[in-house]
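# Notes for the structure review
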Number of protein chains: 2
Amino acid sequence: MVIAILGMGTVGSGVNELAARTPNLKVKKILEKRFTGPQITDNMEDIVSDEEITLVCETMGGLHPAYEFAVRVLEAKKHFVTANKLLVAEKGAELRALAEKNNVAFLYSAACGGGIPYLQALRLAHETDEVTALGGILNGTTNLILDAMQTDGQSYDEALAEAQRLGYAEKDPSSDVDGLDTMRKLILACAVGFDAEITSADIPTAGIRNTTVADIAYAKKTNRVLRLCAFAEKNGDALSAYVEPTLLPASAQEASIIKNLNYAWYEGYGAGHMGFSGQGAGKLPTASNIIRDVACVAAGQRSMTQPALAPHAIDNTAARHPYYVRIPKEAAFRTEWIDKTIATDGETLIETVPLSPAEMHTAMKAIPGAFFAGIRKG
Amino acid sequence: MVIAILGMGTVGSGVNELAARTPNLKVKKILEKRFTGPQITDNMEDIVSDEEITLVCETMGGLHPAYEFAVRVLEAKKHFVTANKLLVAEKGAELRALAEKNNVAFLYSAACGGGIPYLQALRLAHETDEVTALGGILNGTTNLILDAMQTDGQSYDEALAEAQRLGYAEKDPSSDVDGLDTMRKLILACAVGFDAEITSADIPTAGIRNTTVADIAYAKKTNRVLRLCAFAEKNGDALSAYVEPTLLPASAQEASIIKNLNYAWYEGYGAGHMGFSGQGAGKLPTASNIIRDVACVAAGQRSMTQPALAPHAIDNTAARHPYYVRIPKEAAFRTEWIDKTIATDGETLIETVPLSPAEMHTAMKAIPGAFFAGIRKG
């Protein structure tokens with residue numbers, strides 16, 4: 001197969017490296033404006049008009065011009081494989097339809113789970129079993145920060161600075177630490193596992209930005225581990241979906257997911273709970289999942305979902321669970337939500353009665369500096 | 001697709017149940033001698049000669065008559081999907097050749113990992129990446145016993161009796177507790193991940209039969225967890241492979257694999273360490289992996305390996321690692337192997353210098369009642 005790569009950053013150069021090790025795979029052209037080289041072009045038309053190129057891997061990230069390029073690739077009747085979660089989360093419906101119309105492939109394994117072969121396993125589970133729930137730790141940067149806080153006793157700022165120094169966190173870490181990256185991956189997983197189209201604005205999404213040593217101390221004291229988790233569940237026609245910090249029992253599999261690792265899972269009617277762990281980002285792991293998708297296209301796969309997904313409103317009323325909350329002493333909190341209050345010097349720590357993510361997330365947005373985390377019992 | 005099932009035991013009835021939920025899949029005949037019913041026949045010829053049946057699932061277990069039936073199915077040019085690890089471990093080479101010759105499929109995902117979609121993920125890793133090592137906790141019964149000993153403080157006999165009472169362990173538990181079942185699954189994983197043919201007699205295999213509360217106490221004291229693990233690694237042309245109880249750091253992912261769960265992993269040049277956890281046995285999980293294989297056949301897949309594998313001798317010299325050893329006070333132990341001795345009243349506990357599995361397993365067979373476990377540091 002003769003392919004092109006859009007973008008020669010970390011992941012793109014990984015794809016180029018792994019492709020060179022793969023029989024029957026040739027990278028003919030690479031789109032890159034920042035430098036020149038034998039295969040490199042800065043003109044997208046060179047790639048789109050090259051009839052020998054049958055598949056294009058997009059590793060640029062960002063919505064523009066990745067979206068415009070995706071459209072051009074698919075309209076040129078070339079297969080499109082991407083690692084771009086933002087692109088698939090925001091423009092998936094249109095790209096699926098365009099791929100279907102042009103009878104070419106649109107695959108995006110590397111966009112959820114990085115190197116973990118999760119989405120393809122989930123796809124087959126949806127086709128042959130009934131996927132009832134899915135989720136996991138889908139962002140390595142936040143896991144690195146939380147693990148450093150819990151294992152090494154670092155403060156949030158120290159752990160974030162260290163993640164930035166190591167190249168795991170961006171200078172502006174918002175999309176990681178505010179849970180947006182995790183939320184986009186959840187949109188992809190719901191598409192693949194449920195054939196459900198959900199939109200980012202509907203998903204209660206909380207990140208780890210307000211985590212302090214007080215929260216970690218409470219986790220340790222109660223023999224729990226703090227992780228940023230995505231969760232979605234099908235209840236008949238209703239679909240719950242949310243992203244939030246979660247306090248898990250120290251014996252949970254998620255607790256063993258250390259450093260920048262990811263852990264994605266699904267639950268099938270027949271299969272039960274299936275978990276997948278590994279590198280959720282990084283040059284070669286992410287590239288390896290792109291190369292897997294390329295092989296799947298060669299084997300005949302064209303999509304990871306139905307061509308058109310069913311739009312689903314999010315209904316989190318059935319997903320009620322208790323929360324841990326830390327708020328300033330002076331902040332008001334609805335007494336009927338309190339299960340127990342833990343006395344501290346400066347702030348109020350609370351474990352709540354079971355609440356829906358919708359009501360909890362909304363209430364907490366009104367309290368500056370507050371932190372909250374779902375509590376998973378088992 | 002119209003299929004038949006050989007054997008209506010636990011897994012066979014699971015396949016029948018899940019097939020009824022799957023569009024475009026019809027179970028036309030079931031081979032079963034113990035009872036009658038609408039689809040049931042006790043005559044294999046009814047299935048082999050039925051031209052409408054294009055695929056046969058074997059869920060009988062055991063080598064005979066499963067092997068003879070497999071040959072008849074493949075010679076009748078029908079696809080063959082099996083959950084039978086003994087059959088694939090012992091007769092894989094012949095059945096692969098027969099399937100290839102008759103241009104039909106021979107798949108066996110459910111034979112390693114039960115419900116976990118491990119072998120298919122491993123197959124694609126081998127095709128698109130370079131698998132460098134693989135292994136895991138591949139037997140749920142022994143994990144249930146070890147977890148009960150470590151978590152609930154049961155003795156080996158109590159934990160085994162409980163596993164038998166719950167239906168997880170056979171009346172004669174030898175193939176589980178002596179590591180044979182794990183070893184057979186390792187043979188399958190080496191076939192799929194390395195295209196390597198290895199034979200059971202060559203694989204150092206130790207089980208958990210001699211585990212006592214003293215071993216668990218030592219694991220706890222050193223903040224470790226005891227699991228029965230398979231391991232294989234490619235070093236150039238050499239292949240190491242062994243099965244043994246293993247002391248793992250309490251923070252290892254394997255330590256979070258509780259009850260009868262399994263955890264299979266591989267390491268890829270590009271992908272890094274990828275782990276897969278879930279139900280390694282049981283009616284519906286195992287059946288779900290069979291149904292996945294059936295869908296893969298429908299999508300065009302014909303095999304999980306090259307048609308003919310390269311025979312590999314096992315060379316464990318590069319797999320040297322320290323061991324924990326417990327032997328009777330009066331037993332002799334080579335002093336140059338001792339790293340440290342832990343004083344106890346009745347028995348001698350030792351941590352050794354790094355040793356190869358071959359020399360360790362051989363030496364320990366000569367000491368009745370001895371127990372040993374590999375020590376994994378990281």
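Further up the page is the structure itself.
Residues numbered from 1 in each chain as written. Chains lettered and ligands numbered in written order. Predicted model: local features only at pLDDT ≥ 70, side-chain atom pairs only at ≥ 80, totals over all residues. Heavy atoms only, no water.

The next thing to look at is the overall build of chain A. What chain A contains, in helices and strands, is 12 helices and 17 strands. Against the 2.2 N^0.38 benchmark of 21 Å for 378 residues, chain A shows a C-alpha radius of gyration of 21 Å, consistent with a compact globule. With respect to the principal axes defined by its C-alpha atoms, chain A has extents near 70 × 45 × 35 Å. Across the 378 residues that make up chain A, the buried fraction comes to 60%. In chain A, once contacts between residues fewer than 6 apart in sequence are set aside, the share between residues at least 24 apart is 72%. Surface accessibility of chain A: about 14,400 Å² in total, with carbon and sulfur atoms responsible for 51%. (Helix = DSSP H or I, 4+ residues; strand = E, 2+ residues; numbered from the N terminus. Rg over C-alpha atoms; globule rule 2.2 N^0.38 Å. Buried < 20%, exposed > 50% of the residue type's maximum accessible area, 1.4 Å probe, protein only. Contact = heavy atoms within 4.5 Å. Areas by Shrake-Rupley, 256 points an atom, 1.4 Å probe, with all protein chains shown as cover.)

This brings us to the pairing of strand β1 (residues 2-6) of chain A. All names here are of chain A. Burial within β1 is extensive, with 5 of its 5 residues counted as buried. Along β1, one buried face is formed by Val2, Ala4 and Leu6 and the opposite face, lined by Ile3 and Ile5, is buried too. Relative to strand β2 (residues 26-31), β1 runs parallel, the two being bridged by 5 bridges. Counterpart to Leu6 in the pairing with β2 is Leu31. Handedness of the crossover joining β1 and β2 through helix α1 (residues 10-20) is recorded here as right-handed. Note: β1 against strand β4 (residues 55-58), 4 bridges, orientation parallel. Looking across to β4, one finds that Ile3 is bridged to Leu55. (Pairing = 2+ DSSP bridges. Right-handed = clockwise from strand over helix to strand, strands pointing away.)

Moving on, we get to unusual backbone geometry. With an omega dihedral of 5 degrees, the bond running from A:His64 to A:Pro65 counts as a cis peptide bond. Turning to its location among the elements, A:Pro65 is positioned in the loop between β4 and α3 (66-75). With a phi close to 50 degrees, B:Asp195 is a non-glycine residue in the positive phi region. Residue class for B:Asp195 comes out buried when judged on its relative accessible area of 11%.

Our next topic: the pattern of salt bridges. All names here are of chain A. Under the definition given, this model contains 37 salt bridges over all chains. Note that Asp215 and Arg326 form a salt bridge whose closest N and O atoms lie 2.6 Å from each other. Taken together, the positions of Asp215 in helix α10 (residues 213-221) and Arg326 in strand β14 (residues 323-328) put the pair 111 residues apart, joining distant regions of the chain. Of the two residues, Asp215 and Arg326, neither departs from the other in class, the shared state being buried. We note a salt bridge from Arg334 to Glu336, for which the minimum N-O separation is 3.0 Å. With a relative accessible area of 47%, Arg334 lands in the partly exposed category. (Salt bridge = Lys/Arg side-chain N within 4 Å of Asp/Glu carboxyl O.)

Okay, the interface of chain A and chain B next. Put simply, an interface is often sized by how much accessible area is lost when its parts join up. Taken together, the contacts link 38 residues of chain A with 38 residues of chain B. Buried area between chain A and chain B, summed over both chains or domains, comes out near 2,900 Å², and the portion from carbon and sulfur atoms is 54%. When residues of chain A are sorted by the area they lose upon contact with chain B, A:Thr128, A:Tyr269 and A:Arg292 head the list and together hold 20% of the total. Where chain A meets chain B, there are 2 salt bridges. For the salt bridge of A:Glu130 with B:Arg21, the shortest nitrogen-to-oxygen distance reads 2.7 Å. Run the count over chain A and chain B and you get 13 residue pairs in polar contact (both at pLDDT 80 or more). Where the side of chain A that touches chain B is concerned, the elements lending two or more residues are α1, α5 (118-128), β11 (261-268), β12 (272-279) and α11 (283-298) of chain A. Of the pairings in the sheet, the one linking β12(A) to strand β12 (residues 272-279) of chain B comprises 3 bridges and is antiparallel in character. In the strand pairing of β12(B), A:Gly275 is matched with B:Ser277. (Buried area = accessible area lost by both parts, 1.4 Å probe. Polar contact = N/O pair within 3.5 Å; in protein donor to acceptor, adjacent residues only side chain to side chain.)

Here we take up the nonpolar core. Among the nonpolar cores identified, the biggest contains 218 residues, and A:Tyr118, A:Leu119, A:Leu134, A:Tyr266, B:Tyr118, B:Leu119 and B:Leu134 are the most heavily contacted of them. Sequence-distant contacts of A:Leu134, defined by excluding residues within four places in its chain, comprise A:Tyr118, A:Leu122, A:Leu186, A:Ala189, A:Cys190, A:Gly193, A:Phe194, A:Ala230, A:Phe231, A:Ala232, A:Trp265 and A:Tyr266. (Core = buried A, V, L, I, M, F, W, Y, C linked by side-chain atoms within 4.5 Å.)

Residues and elements named next belong to chain B. Across the sheet, 6 strands lie side by side as β3-β2-β1-β4-β5-β6; this open sheet has parallel pairing. Edge positions in the sheet fall to β3 (40-41) and β6 (106-107), since each of these pairs with one other strand and no more. Of the strand pairs in this sheet, strand β2 (residues 26-31) and β3 are connected by 2 bridges, and their pairing is parallel. Counterpart to Ile30 in the pairing with β3 is Ile40. The strands touched by helix α3 (residues 66-75) within the sheet are β1 (2-6), β2, β4 (55-58) and β5 (79-82), with β5 carrying the most contacts at an inclination of about 150 degrees. (Axes fitted to C-alpha atoms, helices over the stretch in contact; angles between N-to-C directions.)

Turning next to the relation of the copies chain A and chain B. Under the fitted operation, chain A is carried onto chain B by 0.0 Å of movement along the axis and a turn of 180 degrees, and the coordinates agree to an RMSD of 0.0 Å. When the rotation and shift are considered jointly, the pair of chain copies conforms to a two-fold rotation axis. For chain A, the residue whose C-alpha comes nearest the rotation axis is A:Phe276, separated from it by 2.4 Å. Take the interface residues of chain A: 100% of them recur as interface residues in chain B, which is what a same-surface contact looks like. (Least-squares fit on C-alpha atoms with pLDDT ≥ 70 in both.)

Next up on the list: helix α6 (residues 140-152) of chain A. Residues and elements named next belong to chain A. Under the 1.5 Å per step criterion, the end-to-end length of α6 is 17 Å for 13 residues, consistent within 8% with the ideal 18 Å. Within α6, 11 of the 13 residues are buried, which leaves it mostly tucked inside the rest of the structure. Along α6, the positions that sit buried rather than exposed are Gly140, Thr141, Thr142, Asn143, Leu144, Ile145, Leu146, Asp147, Ala148, Met149 and Gln150. Lining the buried residues of α6 we find β7 (131-137), α7 (156-165), α8 (174-177), α10, β9 (224-235) and β11. Between the side-chain oxygen at the start of α6 and the backbone nitrogen of Thr141 there is a gap of 3.2 Å, and the oxygen is on Asn139. Following α6 by one or two positions, Gly153 adopts a phi angle in the positive range, close to 70 degrees. (Expected span 1.5 Å × (residues − 1).)

All names here are of chain A. Counting through the fold element by element, Thr246 comes out in strand β10 (residues 238-249). A residue is classified by how much of its surface remains accessible, and Thr246, at 9% relative accessible area, is buried. Beyond its immediate chain neighbours, meaning those up to four positions away, Thr246 contacts Val225, Leu226, Arg227, Cys229, Ala373, Gly374 and Arg376. There is a polar contact of 3.0 Å between the side chain of Thr246 and the backbone oxygen of Glu244.

Moving on to the sheet that holds β1(A). Read across the sheet, 6 strands follow the order β3-β2-β1-β4-β5-β6 (chain A) without closing on themselves; strand pairing throughout is parallel. In this open sheet, the two edge strands, each paired with only one partner strand, are β3 (40-41) and β6 (106-107) of chain A.

Residue and element names in this part refer to chain B. The complete set of buried residues in helix α7 (residues 156-165) reads Tyr156, Ala159, Leu160 and Ala163. Buried positions in α7, seen along its axis, are confined to an arc of 100 degrees and lie on one side of it. In α7, those exposed residues whose orientation departs by more than 90 degrees from the buried face are Asp157 and Arg165. Buried-residue contacts for α7 involve α6 (140-152) and α8 (174-177). Gly167 occupies a position one or two residues after α7 and carries a positive phi of about 85 degrees. (Arc of directions from axis to C-beta.)

For the coordinates displayed, the defined rule picks out 21 aromatic pairs over all chains. An aromatic cluster is present here, built from A:Tyr118, A:Tyr266, A:Phe276, B:Tyr118, B:Tyr266 and B:Phe276 joined pairwise through their rings. Across from the ring centre of B:Tyr269, 3.5 Å away, lies the NZ or CZ of A:Arg21, which sits over that ring. (Phe/Tyr/Trp six-rings, centres within 6.5 Å; stacked < 30°, edge-to-face > 60°. Lys NZ or Arg CZ within 6 Å of the ring centre and 35° of its normal.)

So, about the state of the cysteines. All names here are of chain A. For the structure on display, the rule yields 0 disulfides over all chains. For Cys112, which is in no disulfide, the shortest distance to another cysteine sulfur is to Cys190 and amounts to 9.6 Å. Cys112 sits in the buried class, given a relative accessible area of 0%. (Disulfide = S-S within 2.5 Å.)

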